[in-house]
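# Breakdown of the fold
Residue strings, one per chain:
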Amino acid sequence: MRLIEKVFNPTGKQHVGTLIFLHGSGDTGNGLTEWIRFLLGRDMEFPHIKVIIPTAPVQPYTPMGGENSNVWFNRKRIEMDCPEIRTSLASIYDTVNELLVREMAAGVPLGRIIIGGFSMGGALALHTAYHLNRDLGGVFAISSFLNTGSIVYDSLGCVSPDDRLPELLMMHGERDTLVPIEWGQTAFDELAKLGVRGQFVPHRTALHEIKKDQLLRVIDWVQKLIPEPTDDPVPAPSTVAPKSKQKGKL
């Protein structure tokens, strides 16, 4: 499935990395783009990194009484202890993997692809980086979550201690009532126990929202993981397709 996407190509001469930013439930790529533009006063652009902001497919969403909505996956309730609907997750894994393959075909190695998102988008980013493909460069999640017993935890439980895992940046509002900060902190702590390295940054005044300083932190972090190249030629990236050993596993 090819998603509708907002794409911001590098403003410089080289494309050496890609950032995929996933919106929350009920939003669209256009909505997230406008939110970012309002907070920053500009689009999220980099001299050397392409930014892709896709729109989730329209599908019935149980927490809204089964009405259609732009959501990455379905779930029964917005609660930490609610079991994941793994068949719904598996269907979006294929779509995300297609996006990764496309960026690889454009010459961007997996280690220079970062995925992140807000709320449900951040949850899918965590699934992508720690279940679907662990060769990515990094993952960020704002006011996001993993459910108790998530397939992500099962997947990481099979990882060798010597395996490299994508770096994690999680941020969460202390005043978030939709996804309480305890939910996000629990997900981070569980991931850390399974070998994920990163940081969890609480925001004292944030509700269930994105704040400007969170976006600025993401931008700095992305540029640290994918630095702007020097004048030296950029080495030819690997063209090996993504290793999706866990792809679509239920």
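You'll find the structure just up there.
Structural notes, computed from the coordinates. (Residues numbered from 1 in each chain as written. Predicted model: local features only at pLDDT ≥ 70, side-chain atom pairs only at ≥ 80, totals over all residues. Heavy atoms only, no water.)

Backbone geometry places Ser119, a non-glycine residue, at a positive phi of 55°. Its identity as a non-glycine residue notwithstanding, Ser143 has a phi of 50°, on the positive side. Tracing the chain through its elements places Ser143 in the loop between β7 (138–142) and α4 (151–156). (Helix = DSSP H or I, 4+ residues; strand = E, 2+ residues; numbered from the N terminus.)

Between the first and last C-alpha of helix α1 (residues 29–40) there are 16 Å, a value that for twelve residues agrees with the 16 Å anticipated at 1.5 Å per step. Buried residues in α1 make contact with β1 (5–8), β2 (17–22), β3 (49–54) and α6 (212–225). (Expected span 1.5 Å × (residues − 1). Contact = heavy atoms within 4.5 Å.)

Next up on the list: the packing of aromatic side chains. How two aromatic rings sit relative to each other is given by the distance of their centres and the angle of their planes. For the structure shown, the criterion picks out five aromatic pairs. Between Phe145 and Trp183 the ring centres are 5.0 Å apart and the planes differ by 40°, which places this aromatic pair in the tilted class. Placement of the pair is Phe145 in the loop between β7 and α4 and Trp183 in helix α5 (residues 181–193), with a sequence separation of 38 residues. The exposure class of Phe145 is buried, given its relative accessible area of 2%. (Phe/Tyr/Trp six-rings, centres within 6.5 Å; stacked < 30°, edge-to-face > 60°. Buried < 20%, exposed > 50% of the residue type's maximum accessible area, 1.4 Å probe, protein only.)

Counting residues in each nonpolar core, the largest one holds 50 residues, and the members touching the most others are Trp72, Tyr130, Leu168 and Leu191. For this core, the elements supplying multiple residues, two or more each, are β2, α2 (86–105), β6 (113–118), α3 (120–132), β7, α4, β8 (167–173) and α5. Excluding residues within four positions of it along the chain, Leu191 makes contact with Leu126, Tyr130, Leu146, Val152, Tyr153, Leu156, Leu168 and Val196. (Core = buried A, V, L, I, M, F, W, Y, C linked by side-chain atoms within 4.5 Å.)

What follows concerns the pairing of β2. Here β2 lies mainly inside the structure; six of its six residues are buried. On β2, burial covers both faces: Gly17, Leu19 and Phe21 on one face and Thr18, Ile20 and Leu22 on the other are all buried. Sheet topology note: the β2/β3 ladder contains four bridges and is parallel. Bridging from a neighbouring strand, Thr18 pairs with Lys50 of β3. Between the parallel pair β2 and β3, the chain is carried across by α1, and the sense of this crossover is right-handed. Pairing analysis gives five bridges linking β2 to β6, with the strands arranged parallel. Counterpart to Leu19 in the pairing with β6 is Ile114. (Pairing = 2+ DSSP bridges. Right-handed = clockwise from strand over helix to strand, strands pointing away.)

All right, on to the layout of surface pockets then. Vacant regions in the atomic arrangement are exposed by a probe of water-molecule size rolled over the atoms. In this structure, the second largest pocket spans a volume of roughly 150 Å³. Around the second largest pocket, the lining residues are Val159, Ser160, Pro161, Asp163, Leu165, Leu194, Gly195 and Arg197. When grouped by side-chain class, the residues that make up the lining of the second largest pocket number four nonpolar, two polar and two charged. (1 Å grid on protein atoms, 1.4 Å probe; cavity = no way out; pocket = protein on both sides within 12 Å on 5 of 7 lines; lining within 4 Å. Points joined across faces, edges and corners; volume = space filled by probe spheres on them. Nonpolar A, V, L, I, M, F, W, Y, C, P; charged D, E, K, R; others polar.)

A word on empty space enclosed by the protein. Counted under the stated rule, the structure contains one cavity of 30 Å³ or more. A breakdown of the residues in the lining of the largest cavity according to their chemical character gives seven nonpolar, three polar and two charged.

The next subject is the packing of α1 against α6. Direction vectors running N to C along α1 and α6 enclose 100°, while the axes themselves pass 9 Å from each other. The angle between α1 and α6 falls in the class roughly perpendicular. Contact residues: Ile36, Leu39 and Leu40 in α1; Lys212, Leu215, Leu216 and Ile219 in α6. Taken together, the residues of the contact of α1 with α6 sort by class into six nonpolar, no polar and one charged. (Axes fitted to C-alpha atoms, helices over the stretch in contact; angles between N-to-C directions. Parallel < 35°, antiparallel > 145°, perpendicular 65-115°, else oblique.)

Without other data, these values stay purely geometric and don't point to any function.
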